[in-house]
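Chain residues, written in single-letter form:
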Amino acid sequence: MDLYVEGDPVADATAPDGPIETRWDRRRFEAKLVNPANRRKMTVIVVGTGLAGGSAAATLAEQGYQVRTYCYQDSPRRAHSIAAQGGINAAKNYRNDGDSVHRLFYDTVKGGDFRSRESNVHRLAEVSVNIIDQCVAQGVPFAREYGGLLDTRSFGGAQVQRTFYARGQTGQQLLLGAYQALERQIGLGTVEMNARHEMLELIVVDGRARGIVVRDLVTGEITSEFADAVVLATGGYGNVFYLSTNAKGCNVTATWRAHRKGAYFANPCYTQIHPTCIPVSGDHQSKLTLMSESLRNDGRVWVPKAKGDRRGPKDIPEDERDYYLERIYPSFGNLVPRDIASRAAKNVCDEGRGVGPTGLGVYLDFADAIDRLGRKAIEAKYGNLFEMYERITGEDPYQVPMRIYPAVHYTMGGLWVDYDLQSTIPGLFVIGEANFSDHGANRLGASALMQGLADGYFVLPNTIANYLAAGPFAPVTASHPAAVEARRGVEDRIQRLLAVDGDRTVDSFHRELGQIMWEHCGMERSEAGLRKAIDEIRALREQFWQRVRVPGDGEGLNQSLEKAGRVADFFELAELMCVDALHREESCGGHFRAEHQTPDGEAQRDDERFAYVAAWEFADGDQPPVLHKEDLTFEYVHPTQRSYK
Ligand SMILES: Cc1cc2nc3c(=O)[nH]c(=O)nc-3n(C[C@H](O)[C@H](O)[C@H](O)COP(=O)(O)OP(=O)(O)OC[C@H]3O[C@@H](n4cnc5c(N)ncnc54)[C@H](O)[C@@H]3O)c2cc1C
């Protein structure tokens, strides 16, 4: 049987045309509004209270809607967003170094290897400036220069300094800002917060998203919740690889369940592999640690020139070192985008020049910066990151260079949304890392926080009104057949997982799945490897349903059960990722096909055949998924071979 079939193209019907700098204003003007008295009559469910969901829920409540939020942690403050380290981009041009909305737009379209929508990216660049004002007004303690002005630093893929930061804890500080805004609304009674609740199904009534089925993770109680619209802000799915920099809980269940109910899943194979992570040290590990990209502002990346050179870094003289990023990409040097830096690290390690016990590592060296700026200055900028590195590796990066290696970090793919951030299911909106929207085939550093907050504070609160203007919709109750069916699906699935009563842990399956994905759908992919991966995933999935062991029952807290449900969904997603990677016969951004590279080893796009978003429709039973293409057009940033040389 074919691995997929092709369906009709999909179009973004809400995208405005006209001069690009007027499109967002026009869309806001032309979209319908809901008057304040009517907002009170409508309920919006927001699943996820990280940066995207927290900011959206607070803003919608501020506007007057009734909001109900859900997250699986014990507090919104524990969302994965809290881990974000390096910073958030904005086209403020405080440095007067040539930045502008247009330049941020240009850098992002180019950085995404010409696989994102121009209209969306331009809007993101416009809104970026508002985010900083909003967060400063909330009291987010961004780093400041001696004179009191907001400080910025550089991130990859840009030659201007547009990244605002709060030491190495930018996500935490931004999340506290969003959380305070959310708490204020909780206090006012406009937001009902449901922590430790996991969404396990979407309820679709007469073609519209009208609710969710959730499980109380403490009591095991399953309930159906209803609203006029549902927003998914449930983050990314990098943990399909088992080892990643993501928080252990990150998963695909909410978006995958919506996909199974009709929401298209776009570009699932676009995965970001971050170049600067602490290398894997053994098979006992369940998680990898990021060393922020901001470190490449001052750290220099190198390996020995000679293969198999086992000397310590201090014993290798300057002229026997290869600062390969500075050599190959002199214009951007150590600050090339992540996809480029990751591949370059892989290449030097494949050549046998990697460092550390496994040979899968390169140095990130601060000796020059410490000489130039002094230890105190480096401590002030990166102190907490250096401390984290030392705690994990036992090595002091002020004395010896850090050792780093690429690791899975972010997923550019996600549920397909139109310009209004609405999925293919009316009434289902998707924001933050959970959607596919703005980053194309490679996300530039410091732009996930920008996108999550743009979606949550500014875009969704405007666009959702166009949909809700037709509401309030007829009330739905738990006895509605669609709700009964959704709930029964959740209960059956839990029973099925518990009933297997096999002999292998959920983690052992997850780890094996991750190894298949890393090997064949990771930094480099090939047709043969992807076909092999699909066979292996199918075989392992079959085994999972025969041999998985989930101890305990569904009547209370049961973390094995939670994990089992998530891993079951990862199995299905993993296959779609491989199919997507297999069908995309080109290399672009984070998707590198061994068969498609330029003579000097860079990604070789095929714009004639692949300048589209791949939006996949779920097919029931054993039918293959259906591919719908959304053509991408470029009027302002013309696709060229991406060069950082
Ligand atoms: C180590 C690290 C450092 C990073 N540093 C940066 C940086 O410096 N700059 C930058 O721009 N980006 C950075 N990123 C990326 C960025 O942090 C994330 O992309 C972003 O925070 C995602 O935000 P989000 O709101 O979309 O999702 P998340 O923060 O992942 O929130 C997801 C929410 O959904 C909830 N949820 C998920 N599934 C369910 C379900 N089924 N039921 C109920 N609730 C559910 C969770 O409980 C949570 O509340 C970093 C990422 C990592 C891993």
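Just above, that's the structure.
On a predicted model such as this, the values are computed, not experimentally measured, just so you know.

## Details of the pattern of salt bridges
Evaluated as defined, the whole model comprises 62 salt bridges. Ionic pairing is found between Arg642 and Asp113, a salt bridge with its closest N-O pair at 3.6 Å. Residue Arg642 is located in the segment after strand 21 (626-631), and its partner Asp113 is located in the loop between helix 4 (101-111) and helix 5 (118-138); the two are separated by 529 residues in the primary sequence. Grouping residues by exposure puts Arg642 and Asp113 together as buried. In this structure, Arg541 and Glu575 form a salt bridge, with 3.0 Å as the shortest nitrogen-oxygen distance.

## A closer look at the site of the ligand
In the region of the ligand, 37 residues are neighbours, and Gln73, Ser81, Gly86, Glu433 and Leu449 sit closest. Interatomic distance of 3.2 Å between a backbone N/O atom of Leu51 and an oxygen atom of the ligand. In the environment of the ligand, an oxygen atom lies 3.2 Å from a nitrogen or oxygen atom belonging to the backbone of Tyr72. For the ligand, whose free accessible area comes to 1000 Å², the fraction covered by protein is 98%. Those elements giving two or more residues to the shell around the ligand turn out to be helix 3 (51-63), strand 8 (197-205), strand 17 (402-411) and helix 12 (448-468). In terms of residue count, the dominant contributor to the shell around the ligand is strand 8 (three residues).

## Some words on the layout of surface pockets
In this structure, the second largest pocket encloses a volume near 660 Å³. Considering the residues around the second largest pocket, the lining is formed by 28 residues, among which Leu243, Val280, Leu360, Trp518 and Glu519 are closest to the centre. Taken together, the elements giving at least two residues each to the lining of the second largest pocket come down to helix 9 (338-350), strand 17 and helix 14 (506-521). With six residues, the single largest contributor to the lining of the second largest pocket is helix 14.

## Things to note about the packing of helix 5 against helix 12
When two helices pack together, their arrangement is captured by the angle between the axes and the distance separating the axes. Axis separation between helix 5 and helix 12 bottoms out at 9 Å; the angle between their running directions is 80°. The angle between helix 5 and helix 12 places the two elements in the roughly perpendicular class. In this structure, helix 5 uses Arg123, Leu124, Val127, Ser128, Asn130, Ile131, Gln134, Cys135 and Gln138 to contact helix 12, whose residues at the interface are Met450, Gln451, Leu453, Ala454, Tyr457, Phe458 and Val459. Across the contact of helix 5 with helix 12, the residue classes break down as ten nonpolar, five polar and one charged.

## Regarding the sheet that holds strand 13 (residues 271-277)
Read from one edge to the other, the open sheet built from five strands follows the order 13-17-16-14-15, with strand pairing classed as antiparallel. For this open sheet the edge positions go to strand 13 and strand 15 (321-322), each flanked by a neighbour on one side alone. Helix-sheet contacts for helix 9 involve strand 13, strand 14 (300-304), strand 16 (362-365) and strand 17, and the interaxial angle to strand 13 is about 65°.

## Observations regarding the sheet that holds strand 10 (residues 222-226)
Pairing is antiparallel in the open sheet, where three strands are placed in the order 8-9-10. In this open sheet, the two strands that pair with only one neighbour each are strand 8 and strand 10. Recorded for the sheet is a direction-independent mean angle of 25° between the axes of neighbouring strands.

## With respect to the nonpolar core
Ile88 and Leu428 are the most contacted members of the largest nonpolar core, which totals 184 residues. The dominant element in this core, judged by the number of residues it contributes, is helix 16 (residues 559-583), at 14 residues. Look past the residues within four positions of Leu428 in its chain and what remains in contact with it is Leu202, Ala209, Val230, Leu232, Ala258, Ala263, Leu415, Leu421, Gln422 and Ser423. If you look at the next biggest cluster of nonpolar residues, it comprises five residues, including Trp302, Ile316, Tyr323 and Tyr363.

## Things to note about the side chain of Asp322
Summarising the element assignment, Asp322 is placed in strand 15. We classify Asp322 as buried; its relative accessible area is 7%. If we skip the residues at most four places from it in the chain, Asp322 touches Val301, Trp302, Val303, Pro304, Lys305, Arg327 and Arg353.

Definitions and limits used
Residues numbered from 1 in each chain as written. Predicted model: local features only at pLDDT ≥ 70, side-chain atom pairs only at ≥ 80, totals over all residues. Heavy atoms only, no water. Salt bridge = Lys/Arg side-chain N within 4 Å of Asp/Glu carboxyl O. Helix = DSSP H or I, 4+ residues; strand = E, 2+ residues; numbered from the N terminus. Buried < 20%, exposed > 50% of the residue type's maximum accessible area, 1.4 Å probe, protein only. Near = heavy atom within 4 Å. Polar contact = N/O pair within 3.5 Å; in protein donor to acceptor, adjacent residues only side chain to side chain. Areas by Shrake-Rupley, 256 points an atom, 1.4 Å probe, with all protein chains shown as cover. 1 Å grid on protein atoms, 1.4 Å probe; cavity = no way out; pocket = protein on both sides within 12 Å on 5 of 7 lines; lining within 4 Å. Points joined across faces, edges and corners; volume = space filled by probe spheres on them. Axes fitted to C-alpha atoms, helices over the stretch in contact; angles between N-to-C directions. Parallel < 35°, antiparallel > 145°, perpendicular 65-115°, else oblique. Contact = heavy atoms within 4.5 Å. Nonpolar A, V, L, I, M, F, W, Y, C, P; charged D, E, K, R; others polar. Pairing = 2+ DSSP bridges. Core = buried A, V, L, I, M, F, W, Y, C linked by side-chain atoms within 4.5 Å.

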